[in-house]
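Here's the letter readout for the chains.
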Amino acid sequence: MRIITGKARGLQLTVPKNYDVRPTADRVKESVFNIIGSKIINATVLDLFAGTGNLGLESWSRGAKSITFIDESKESLRLVKSNIAKCRAENDCTVLKGSAPQVAERLAQQGVRFDFAFCDPPYNKGWVQQIIEVLGKTPFLHDGGYLVVERSAHDELPALPQGCELVRTQRYGETIIDFILWNIPEK
């Protein structure tokens, strides 16, 4: 697993020794960032279910100004911190321990908003539904921000709450990527 392009291009990230973490495949990641394009430059990014930090660090490498990583696994947090150090991105990154839906809700209640949130949880466990529910009641995205969801083809996308609009879905074998636009202006 590597950083595909940008200031850390080609850097090999540390990956887990077991299969507890399922990093986004390079070809899927490259397609996602080709779709996002230059919108990532100077963006604030939330990497929910960070795992290795793969998506957040790719964002940073491509010009995002700040990344917040969330995970509840001690091993994943160790990997994220190690990979942040490899990229020399410590000044632009924050790592938070906890359940992604709870931490995202807490950040939103504190008034913290993001331009992009990557949601790549363990498949088929209901996490995608929980994150979308949190977004609908306590928005953690700026108006015009995107929730980028990676899910199994067997994991249904729930009905989207008011303010969420599914703008694009891409399928890569058994992996589906959904781009959900948050479009209710902040108060």
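For the structure, see preceding data.
Residues numbered from 1 in each chain as written. Predicted model: local features only at pLDDT ≥ 70, side-chain atom pairs only at ≥ 80, totals over all residues. Heavy atoms only, no water.

Enquirer: Give me the overall build of the protein: which residues, what numbers.
Expert: When its secondary structure is counted, the protein shows five helices and seven strands. Here the protein has a C-alpha radius of gyration of 15 Å; the compact-globule value for 187 residues is 16 Å, and the two agree. Counting only contacts in the protein whose residues sit at least 6 apart along the sequence, the fraction spanning at least 24 positions is 68%. Carbon and sulfur atoms provide 47% of the accessible area of the protein, an area that totals close to 8,900 Å². (Helix = DSSP H or I, 4+ residues; strand = E, 2+ residues; numbered from the N terminus. Rg over C-alpha atoms; globule rule 2.2 N^0.38 Å. Contact = heavy atoms within 4.5 Å. Areas by Shrake-Rupley, 256 points an atom, 1.4 Å probe, with all protein chains shown as cover.)

Enquirer: Tell me about helix 3 (residues 74–87), residues and numbers included.
Expert: Compared with the 20 Å implied by 1.5 Å per residue over 14 residues, the 20 Å span of helix 3 between its first and last C-alpha is a close match. Of all the positions in helix 3, only Ser76, Leu77, Leu79, Val80, Asn83, Ile84 and Cys87 are classed as buried. For helix 3, the buried positions fall inside an angular range of 160° around the axis, keeping them on one side. Where the residues of helix 3 are buried, they touch helix 2 (54–61), strand 2 (66–71) and strand 3 (93–97). By the N-cap criterion, in which a side-chain oxygen at the helix start approaches the backbone nitrogen of a residue two or three places on, helix 3 is capped by Ser73, the distance to Glu75 being 3.3 Å. Backbone geometry just downstream of helix 3 places Arg88 in the positive-phi region, at approximately 60°. (Expected span 1.5 Å × (residues − 1). Buried < 20%, exposed > 50% of the residue type's maximum accessible area, 1.4 Å probe, protein only. Arc of directions from axis to C-beta. Polar contact = N/O pair within 3.5 Å; in protein donor to acceptor, adjacent residues only side chain to side chain.)

Enquirer: How would you explain helix 5 (residues 127–137) if you had to name every residue and give the values?
Expert: What helix 5 keeps buried is the set Trp127, Val128, Ile131, Ile132, Val134 and Leu135. Buried residues of helix 5, viewed axially, fall in a sector of 155°; they line one side. Among the exposed residues of helix 5, those pointing more than 90 degrees away from its buried face are Glu133 and Lys137. Contact partners of the buried residues in helix 5: strand 1 (44–48), helix 4 (100–109), strand 4 (114–119), strand 5 (141–152), strand 6 (164–172) and strand 7 (175–182).

Enquirer: Describe in detail the packing of aromatic side chains, supporting the description with residues and values.
Expert: Applying the stated criterion to the full structure yields four aromatic pairs. The interplanar angle of 10° and the centroid separation of 6.4 Å between the aromatic rings of Phe116 and Phe118 together place this pair among those described as stacked. Across the pair, exposure class does not vary: Phe116 and Phe118 are buried alike. Summarising the aromatic geometry, the rings of Phe116 and Tyr146 are spaced 5.7 Å apart at their centres and angled 15° between planes, so their arrangement reads as stacked. Residue Phe116 is located in strand 4, and its partner Tyr146 is located in strand 5; the two are separated by 30 residues in the primary sequence. Judged by relative accessible area, which is 3%, Phe116 ranks as buried. Linked through ring pairs, Phe33, Phe116, Phe118 and Tyr146 together constitute an aromatic cluster. The ring of Trp60 carries the charged tip of Lys7 above its face, separated from the ring centre by 4.4 Å. (Phe/Tyr/Trp six-rings, centres within 6.5 Å; stacked < 30°, edge-to-face > 60°. Lys NZ or Arg CZ within 6 Å of the ring centre and 35° of its normal.)

Enquirer: Summarise the pairing of strand 2; cite the residues concerned and give the values.
Expert: Of all six residues making up strand 2, five are buried, and the element is well covered by its neighbours. Viewed along the sheet, the connection from strand 1 through helix 2 into strand 2 turns out right-handed. As defined by bridge partners, strand 2 adjoins strand 3 across five bridges and the pair is classed as parallel. Paired with Asp71 across the strands is Lys97, a residue of strand 3. You can see the chain leave strand 2, run along helix 3 and come back into strand 3, and the turn it takes is right-handed. (Right-handed = clockwise from strand over helix to strand, strands pointing away. Pairing = 2+ DSSP bridges.)

Any link to function would need more than the numbers given here.
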